[in-house]
Amino acid sequence: MEFGLIFRNKTAYEKMKINFILAVGFLVVAHVAMILGMVNPEIISKMSAMPKM
């Protein structure tokens, strides 16, 4: 966006709004991935504790 490759014809306000939406979307996805990464596998499926871990 800063290099003018995308959203060339947008105003500065519209670019700021798009930047905010993309940043919030990234934070939501990152936090969901972090939470899912910490979930105990036994909750999701009948997977017992993994051997050698």
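Placed above this text is the structure.
Given the structure is predicted, the values throughout are model-derived calculations rather than measurements. (Residues numbered from 1 in each chain as written. Predicted model: local features only at pLDDT ≥ 70, side-chain atom pairs only at ≥ 80, totals over all residues. Heavy atoms only, no water.)

Enquirer: Looking at this model, I keep getting lost on the overall build of the protein chain. Mind explaining?
Expert: Looking only at helices and strands, one finds 2 helices and 0 strands in the protein chain. Here the protein chain holds 53 residues, and the buried ones make up 2% of them. Counting every atom, the protein chain has about 5300 Å² of accessible surface; 71% of that belongs to carbon and sulfur. (Helix = DSSP H or I, 4+ residues; strand = E, 2+ residues; numbered from the N terminus. Buried < 20%, exposed > 50% of the residue type's maximum accessible area, 1.4 Å probe, protein only. Areas by Shrake-Rupley, 256 points an atom, 1.4 Å probe, with all protein chains shown as cover.)

Enquirer: Would you take a moment to explain a nonpolar patch on the surface for this structure?
Expert: On the surface, a nonpolar cluster with roughly 570 Å² of combined accessible area is contributed by F20, I21, V24, V28, V32 and L36. Mapping I21 onto the fold places it in helix α1 (residues 12–38). Judged by relative accessible area, which is 53%, I21 ranks as exposed. (Patch = residues over 30% accessible without salt bridge, like charges linked within 9 Å, V, L, I, M, F, W, Y side chains within 5 Å. Salt bridge = Lys/Arg side-chain N within 4 Å of Asp/Glu carboxyl O.)

Enquirer: How should I be thinking about unusual backbone geometry in this particular structure?
Expert: For residues that are not glycine, phi is negative in most cases, and the peptide bond is trans in most cases. One non-glycine residue, F7, lies in the positive phi region at around 55 degrees. With respect to the secondary-structure elements, F7 resides in the segment before α1.

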